[in-house]
Amino acid sequence: MKKDDHDGKGSYIIVLYLDKSKKIQIGKLGQLKFKKGYYAYVGSAFGPGGLKSRIKHHIEPKKSYHWHIDYLDPAVKEVWVSGYGERLEHEWAGLLGEIASEKIIGFGCSDCSCESHLFYFKSFRILQNFQKVLFKKNMLLLGFD
Ligand SMILES: [Zn+2]
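Analysis parameters
Chains are numbered independently. Their residues run from 1 in the order of the written sequence. For this predicted model, a pLDDT threshold of at least 70 governs which residues receive local features, and a threshold of 80 or more governs which side-chain atom pairs are given and counted, while totals over whole chains, interfaces and linings are taken from all residues. Segments assigned H or I by DSSP are reported as helices when at least four residues long, segments assigned E as strands when at least two residues long, and all are numbered from the N terminus. With C-beta atoms placed from the backbone, a residue is labelled by how many other C-beta atoms lie within 10 Å of its own: buried for 20 or more, exposed for 12 or fewer, partly exposed between the two. The directions considered for the arc are those from the helix axis to the C-beta atoms. By the convention adopted here, residues are in contact when the distance between their C-beta atoms, placed from the backbone, does not exceed 7 Å. At least two DSSP bridges between two strands are needed for those strands to be called paired. pLDDT: the predictor's confidence for each residue, scored from 0 to 100. Joined through C-beta atoms within 7 Å, a set of buried Ala, Val, Leu, Ile, Met, Phe, Trp, Tyr and Cys residues constitutes a nonpolar core.

Time to look at the overall build of the protein. Helix and strand content of the protein: 3 helices and 8 strands. A buried classification covers 34% of the 145 residues belonging to the protein.

Right under this line is the structure:
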């Protein structure tokens, strides 16, 4: 896979930042209180269009919300991608759950046995260290704004 080729299928991590605490309605999950700080969301795109169309979905304004994460779209800062066609989202969710300040229980994980697919970090440093570990393992190809 070429570095500039996002047509593949694979898993991704979305990094979000909220500049102040706020309550946000997340579909059927209800209204949740989000603290100021950083969030990491894990997902994967194995459908038609793969990662390219999924990332486009996440960074473009939308008229209707489909996934829990869609309700947080204005806060999206970066997307980290693994284009190796592996399903890594649940493994990442497990790893992030161990290092996160908090997990948002039930978020983005209706279809799996994870406790959550969204994790809160008071500081960005811990997340950056996690990104370095993923790069070392060649799990991540790129991160971009
Ligand atoms: Zn999962």
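And the narrative resumes.
So, about helix 2 (residues 89–99). Along helix 2, the residues classified as buried are Glu89, Trp92, Ala93 and Leu96. For helix 2, the arc enclosing every buried residue in end-on projection is 105 degrees, short of the 170-degree limit, so these residues lie on one face. Counted as exposed and oriented over 90 degrees from the buried face of helix 2: Gly94 and Glu98. Those residues of helix 2 that are buried are in contact with strand 1 (10–18), strand 4 (37–45), strand 7 (118–121) and helix 3 (124–136).

Among the 9 residues in strand 1, 7 count as buried, and that is most of the element. Two elements, strand 1 and strand 4, share 9 bridges in a ladder whose sense is antiparallel. In the sheet register, Leu16 faces strand 4, and the bridge partner there is Tyr39. Where strand 1 and strand 5 (residues 76–82) come together, 6 bridges link them in antiparallel fashion. For Ser11, the partnering residue across the bridge sits in strand 5 and is Ser82.

This part takes up the confidence of the model for the protein. Taken over all residues, the pLDDT of the protein has a mean of 87, while the share at 70 or more is 88%. Put simply, strand 8 (residues 142–144) is where the protein has its lowest mean pLDDT, 52, and strand 7 is where it has its highest, 98. Throughout residues 1–6 the model reports pLDDT below 50, and contacts reaching past four residues in sequence, or to other chains, amount to 9 contacts.

Membership of the largest hydrophobic core comes to 34 residues, with the highest contact counts inside it found for Tyr12, Ile13, Ala40 and Tyr41. Secondary-structure elements contributing two or more residues to this core are strand 1, strand 4, helix 1 (50–59), strand 5, helix 2, strand 7 and helix 3. Dropping the residues within four chain positions of it, Tyr12 is found in contact with Gly43, Ser44, Ala45, Leu51, Ile55, Val79, Trp80, Val81 and Ser82.

Within the element layout of this structure, Ser116 appears in the loop between strand 6 (102–103) and strand 7. Spatially, the C-alpha atom of Ser116 lies 8.9 Å from that of Tyr41, the residues being 75 residues apart in sequence. In this structure Ser116 touches Ala93, Gly97, Lys103, Ile104, Ile105, Gly106, Phe107 and Cys109, once residues within four positions along its chain are discounted.

A few words on the pairing of strand 7. Neither face of strand 7 is exposed, since Leu118 and Tyr120 on one face and Phe119 and Phe121 on the opposite face are all buried. The pairing of strand 4 with strand 7 spans 4 bridges and is classified as antiparallel. When the bridges of strand 7 are listed, Ala40 appears paired with Phe119. Bridge count for strand 6 against strand 7 is 2 bridges, and the pairing is antiparallel. Across the sheet, residue Lys103 finds its bridge partner in strand 7, namely Phe119.

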